[in-house]
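# Structural characterization, general
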Amino acid sequence: RKEVEQDPGPFNVPEGATVAFNCTYSNSASQSFFWYRQDCRKEPKLLMSVYSSGNEDGRFTAQLNRASQYISLLIRDSKLSDSATYLCVVYSGGGADGLTFGKGTHLIIQP
Amino acid sequence: DGGITQSPKYLFRKEGQNVTLSCEQNLNHDAMYWYRQDPGQGLRLIYYSQIVNDFQKGDIAEGYSVSREKKESFPLTVTSAQKNPTAFYLCASSSDTIAGYTFGSGTRLTVV
């Protein structure tokens, strides 16, 4: 069974700090990786795809470690508006059946 | 603006009733999906459709039915056979699974 595991948190972080969290996946054949952001009682929104070489989008950096089978998300200079649940999503091929969502990591940025 | 629209936002169902959740997209995406999210849980796939007039069961299809008569529309019916239907239902569409999904704003269904 495909598994995607995340620390549910909550991570309580002061504004301006750097925070990082990981997501582990069990299927070594996984092809694509994503981070989604979900605000309370809202739909998930794609934050960023995760590329093998790592990628950065402003204050957000995503990394992939295939050897250890995890992806990470780092948020620098955290803002109050970063408070949300971050979902790790892993695609293992085969269409929609191959997409597995983690349960999410809850992040709370405190003033 | 292109997007994906779900309605209604909130829905209350009596025990034994069937209800239909609407999902419409104008993104010209071929593929559409229905997920269910329970508190503290990951999204679970109910049904998906990759082309018009074709759909497949996901992990938790029992008690649900769908149709895909038009590219833009993928309604989900929650039947009385679904024993625990109270949940947050999310519709999504994509041009390609690898490209990521666009989600609708969801329908919160409650059984009363």
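Relevant structure appears above.
Structure report, in brief. (Residues numbered from 1 in each chain as written. Chains lettered and ligands numbered in written order. Predicted model: local features only at pLDDT ≥ 70, side-chain atom pairs only at ≥ 80, totals over all residues. Heavy atoms only, no water.)

### Quick notes on empty space enclosed by the protein
All names here are of chain A. Under the definition given, this model contains one cavity of 30 Å³ or more. One number sums up the size of the largest cavity: a volume of about 30 Å³. What lines the largest cavity is a set of 10 residues, among which E3, N27, S30, V90 and S92 lie closest to the centre. Of the residues in the lining of the largest cavity, the class split is three nonpolar, five polar and two charged. (1 Å grid on protein atoms, 1.4 Å probe; cavity = no way out; pocket = protein on both sides within 12 Å on 5 of 7 lines; lining within 4 Å. Points joined across faces, edges and corners; volume = space filled by probe spheres on them. Nonpolar A, V, L, I, M, F, W, Y, C, P; charged D, E, K, R; others polar.)

### Things to note about the pairing of strand β5 (residues 44-51) of chain B
Residues and elements named next belong to chain B. In terms of strand pairing, strand β4 (residues 31-37) meets β5 through five bridges, oriented antiparallel. Residue pairing in the sheet places W34 in a bridge with Y47 of β5. Once β4 ends, the chain turns through six residues before running back antiparallel as β5, passing G40 with a positive phi of about 70°. In this structure, β5 lies alongside strand β6 (residues 54-57), joined through three bridges in antiparallel fashion. Within β6, the position partnered with Y48 by the bridge is Q56. Counted between consecutive antiparallel strands, the loop separating β5 from β6 contains two residues, among which N53 sits at a positive phi close to 65°. (Pairing = 2+ DSSP bridges. Helix = DSSP H or I, 4+ residues; strand = E, 2+ residues; numbered from the N terminus.)

### Concerning the sheet that holds strand β7 (residues 60-65) of chain A
Residues and elements named next belong to chain A. With antiparallel pairing, five strands are arranged side by side in an open sheet as β1-β3-β8-β7-β6. A single partner strand is all that each edge strand has here, and the edge strands are β1 (4-6) and β6 (55-57). Sheet twist, expressed as the average angle between the axes of neighbouring strands with direction ignored, equals 20°. (Axes fitted to C-alpha atoms, helices over the stretch in contact; angles between N-to-C directions.)

### Considerations on the nonpolar core
Within the largest apolar cluster, 22 residues are counted, with the highest numbers of intra-cluster contacts made by F21(A), W35(A), I71(A), L73(A), I75(A), Y86(A) and L107(A). Broken down by secondary-structure element, the contributors of at least two residues to this core are β3 (19-25), β4 (32-38), β5 (44-50), β7, β8 (70-75), β9 (84-91) and β11 (105-110) of chain A. Ranked by size, the runner-up nonpolar core spans 20 residues in total, among them C23(B), I46(B), Y64(B) and L76(B). (Core = buried A, V, L, I, M, F, W, Y, C linked by side-chain atoms within 4.5 Å. Buried < 20%, exposed > 50% of the residue type's maximum accessible area, 1.4 Å probe, protein only.)

### Regarding the pattern of salt bridges
By the definition in use, this model includes seven salt bridges over all chains. Put simply, R37(A) and D39(A) hold a salt bridge, and the shortest N to O gap is 2.8 Å. In this structure, the salt-bridge partner of K71(B) is D30(B), at a minimum N-O distance of 3.3 Å. Here D30(B) lies in the loop between β3 (19-25) and β4 and K71(B) lies in the loop between β7 (64-66) and β8 (76-78), a separation of 41 residues in the sequence. Each of R36(B), D38(B) and R44(B) takes part in one network of salt bridges that share partners. (Salt bridge = Lys/Arg side-chain N within 4 Å of Asp/Glu carboxyl O.)

### Focus: the interface of chain B and chain A
Each partner contributes residues to the interface: chain B has 25 residues there, and chain A has 20 residues. Counting across the interface, chain B meets chain A through zero salt bridges. Counting across the interface, chain B meets chain A through two residue pairs in polar contact (both at pLDDT 80 or more). Listing elements by their share of the side of chain B that touches chain A, those giving two or more residues are β4, β5 and β9 (87-94) of chain B. (Contact = heavy atoms within 4.5 Å. Polar contact = N/O pair within 3.5 Å; in protein donor to acceptor, adjacent residues only side chain to side chain.)

### What about the layout of surface pockets?
When its volume is computed, the largest pocket comes out at roughly 560 Å³. Along its surface, the largest pocket is lined by 26 residues, and Q38(A), Q37(B), D38(B), P39(B) and G40(B) are the ones closest to its centre. Looking at the lining of the largest pocket, the elements that each hand over two or more residues are β9 and β11 of chain A together with β9 and β11 (107-111) of chain B. Looking at the lining of the largest pocket residue by residue, the classes come out as nine nonpolar, 11 polar and six charged.

### Things to note about the packing of aromatic side chains
Inspection of the entire model under this criterion finds 15 aromatic pairs over all chains. With a centroid separation of 5.9 Å and 85° between ring planes, the pair formed by Y36(A) and F103(B) is classed as edge-to-face. Taken together, the positions of Y36(A) in strand β4 and F103(B) in strand β10 (residues 102-103) put the pair across two chains. For the pair shown, Y36(A) and F103(B) are each scored as buried. When the ring of Y101(B) is compared with that of F103(B), the centres are 6.2 Å apart and the planes differ by 50°; the resulting orientation is tilted. The same class applies to Y101(B) and to F103(B), which are both buried. Of the aromatic side chains, those joined through ring pairs into one cluster are F34(A), Y36(A), F101(A), Y33(B), Y35(B), Y101(B) and F103(B). (Phe/Tyr/Trp six-rings, centres within 6.5 Å; stacked < 30°, edge-to-face > 60°.)

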